[in-house]
Amino acid sequence: MKKITDEILNKYIDSELSASEIEELKNMLASNPDALEKLKALRFVDSSLRTMEHDKAPDHIAGSIMSRIESLSIVKGKSFYFFYWIVGVFSLMILGLFGYIFSLISPADSGSSSILDNITNYFSSFSISFNLGLSSNLILLIGASLSIILLIAFYFLVASHREFKNSLSH
Amino acid sequence: MKKYSEKDIIESVKRGNQSDFSLLIDMYKHKAFSMLKRMLKNQMDAEEALQDSFLKAYENLSSFRGDSKFSTWFYRIVYNTALTRLASAKRKVEKEMSSIDEHYDLYENDDKIYSESKDAKTYLFNVIEELPVRNAVVLILFYIDDMSLNEISQVMDVSLVNAKVLLHRSRNLLRDLLLKHNYQEEMI
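About the cut-offs
- Residues numbered from 1 in each chain as written.
- Chains lettered and ligands numbered in written order.
- Predicted model: local features only at pLDDT ≥ 70, side-chain atom pairs only at ≥ 80, totals over all residues.
- Heavy atoms only, no water.
- Helix = DSSP H or I, 4+ residues; strand = E, 2+ residues; numbered from the N terminus.
- Buried < 20%, exposed > 50% of the residue type's maximum accessible area, 1.4 Å probe, protein only.
- Contact = heavy atoms within 4.5 Å.
- Areas by Shrake-Rupley, 256 points an atom, 1.4 Å probe, with all protein chains shown as cover.
- pLDDT = per-residue confidence, 0-100.
- Phe/Tyr/Trp six-rings, centres within 6.5 Å; stacked < 30°, edge-to-face > 60°.
- Buried area = accessible area lost by both parts, 1.4 Å probe.
- Salt bridge = Lys/Arg side-chain N within 4 Å of Asp/Glu carboxyl O.
- Nonpolar A, V, L, I, M, F, W, Y, C, P; charged D, E, K, R; others polar.
- Axes fitted to C-alpha atoms, helices over the stretch in contact; angles between N-to-C directions.
- Parallel < 35°, antiparallel > 145°, perpendicular 65-115°, else oblique.
- Left-handed = near helix turned anticlockwise from the far one by under 90°.

Some thoughts on the overall build of chain A
Moving on, step 1. Along chain A, the regular secondary structure elements total six helices and zero strands.
Moving on, step 2. If you list the helices and strands of chain A from N to C, you get α-α-α-α-α-α.
Moving on, step 3. By residue count, 24% of the 170 residues in chain A fall in the buried class.
Moving on, step 4. The contacts of chain A with a sequence gap of at least 6 include a subset with a gap of at least 24, amounting to 62%.
Moving on, step 5. Of the accessible surface of chain A, which amounts to about 11,600 Å², a share of 65% is contributed by carbon and sulfur atoms.

Laid out in structure tokens, this is it:
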């Protein structure tokens, strides 16, 4: 130890010096009143800071936070319900579409007893009926409705993503 | 009555017992508030930031896996919430980035603080209220919250060496101010 530096004094305060280093420091302090004064002041800072206490948060704070959490849960619940509603409507539309297409098909007309034949006839008639169905106004209407529902669902997906990003940044 | 550990409470909240989160609030509200008040230098801002911090902690609790202490994880949220507030108020550059030597506010107010303080200890505590954000935070975490330098470095997202340097500089600043005002007699 050539010189008493601030770092050495801080290490002494934090008990990071070895026994021999402490001895050496004490010897040097005996002939260095400025450094001794600094050490006393540093020790005073350290002991005073150890007596510091926490500031008291306002009494109402826990209640305010819990009510914010509760309202957040309600909003989240509502958005989930809406999402499920969209998904439900979309699923029903799909089922309805398939139901309509299948109603146009009459696989029993084939007269074949084999399951494989039944399936083959079923899909060949499905293909014809589907092609026929595509030209109808009803299919166009269903397609347009599905597109609108998809667009709405996409909008809410983007909106919820944006909300999530905002919650991260604030 | 059975006393639940911090880990039990966290697991309970994760399982959906929302009301148990109030136990965590009671555990940490004073500690977090102390830190926020010294960072934001304003009671109202500190209260709002405290609410935001707990809300973020609640929303992200599922991502807390227990790799570090909950206190370290939570203080990091509190610290970043305060920094975001400072940045949005365009005060970040003034308060957070300034070094001690450049912190004119403290030196400008020093005489006023000195004249209003009855003794060295009061003066010291009043000065801490005016310290730059990072210096105040390191002292609060080290002395009031008994955090290790390693934990402090995680909260503040700095290296261990930087956390140590910051602690030493903060103490040296307070020491120099005490000596400047000739408080030597009270230090014996």
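What follows picks up the thread again.
Structural notes on the confidence of the model for chain B
Moving on, step 1. Looking at chain B as a whole, its pLDDT mean stands at 87, while 89% of the residues score no less than 70.
Moving on, step 2. For chain B, helix α5 (residues 92–95) of chain B is the element with the lowest average pLDDT, namely 53, and helix α9 (residues 149–156) of chain B is the one with the highest, namely 95.

Concerning the packing of aromatic side chains
Residue and element names in this part refer to chain B.
Moving on, step 1. Considering all chains together, one arrives at 14 aromatic pairs over all chains under this definition.
Moving on, step 2. Relative to Phe-54, the ring of Phe-21 has its centre 6.3 Å away and its plane inclined at 85°; by these criteria the two rings are edge-to-face. Here Phe-54 lies in helix α3 (residues 43–59) and Phe-21 lies in helix α2 (residues 21–40), a separation of 33 residues in the sequence.
Moving on, step 3. For the ring pair Phe-64 and Trp-73, a centre distance of 5.2 Å and an interplane angle of 45° mean the geometry is tilted.
Moving on, step 4. According to the relative accessible area criterion, Phe-64 is buried, its value standing at 8%.
Moving on, step 5. Chaining the aromatic ring pairs together yields one cluster made of Phe-21, Tyr-28, Phe-54, Tyr-58, Phe-64, Phe-70, Trp-73, Phe-74 and Tyr-75.

Focus: the interface of chain A and chain B
Moving on, step 1. Counting from both sides, the interface comprises 41 residues of chain A and, opposite them, 47 residues of chain B.
Moving on, step 2. Surface buried jointly by chain A and chain B totals about 4,200 Å² across both partners, of which 65% is contributed by carbon and sulfur atoms.
Moving on, step 3. It is Met-52, His-54 and Asp-55 of chain A that lose the most area in chain A upon contact with chain B, and together they represent 17% of the buried surface on that side.
Moving on, step 4. Where chain A touches chain B, the interface holds seven salt bridges.
Moving on, step 5. For Lys-37 of chain B, the salt bridge goes to Asp-55 of chain A, with nearest N and O atoms at 3.4 Å.
Moving on, step 6. Breaking the side of chain A that touches chain B down by element, the ones donating at least two residues are α1 (6–13), α3 (33–49), α4 (61–104) and α6 (137–169) of chain A.
Moving on, step 7. Here the side of chain A that touches chain B is composed, by residue class, of 16 nonpolar, 10 polar and 15 charged.

Describing the packing of α1 of chain A against α3 of chain A
Residue and element names in this part refer to chain A.
Moving on, step 1. One way to put it is that α1 packs onto α3 with a least axis distance of 10 Å and a crossing angle of 45°. Between α1 and α3, the interaxial angle falls into the category oblique. Handedness of the crossing formed by α1 with α3: right-handed. Within the contact between the two elements, α1 uses Asp-6, Leu-9, Asn-10, Tyr-12 and Ile-13 and α3 uses Ala-35, Lys-38, Leu-39, Leu-42, Arg-43 and Asp-46.
Moving on, step 2. The class makeup of the residues in the contact of α1 with α3 is six nonpolar, one polar and four charged.

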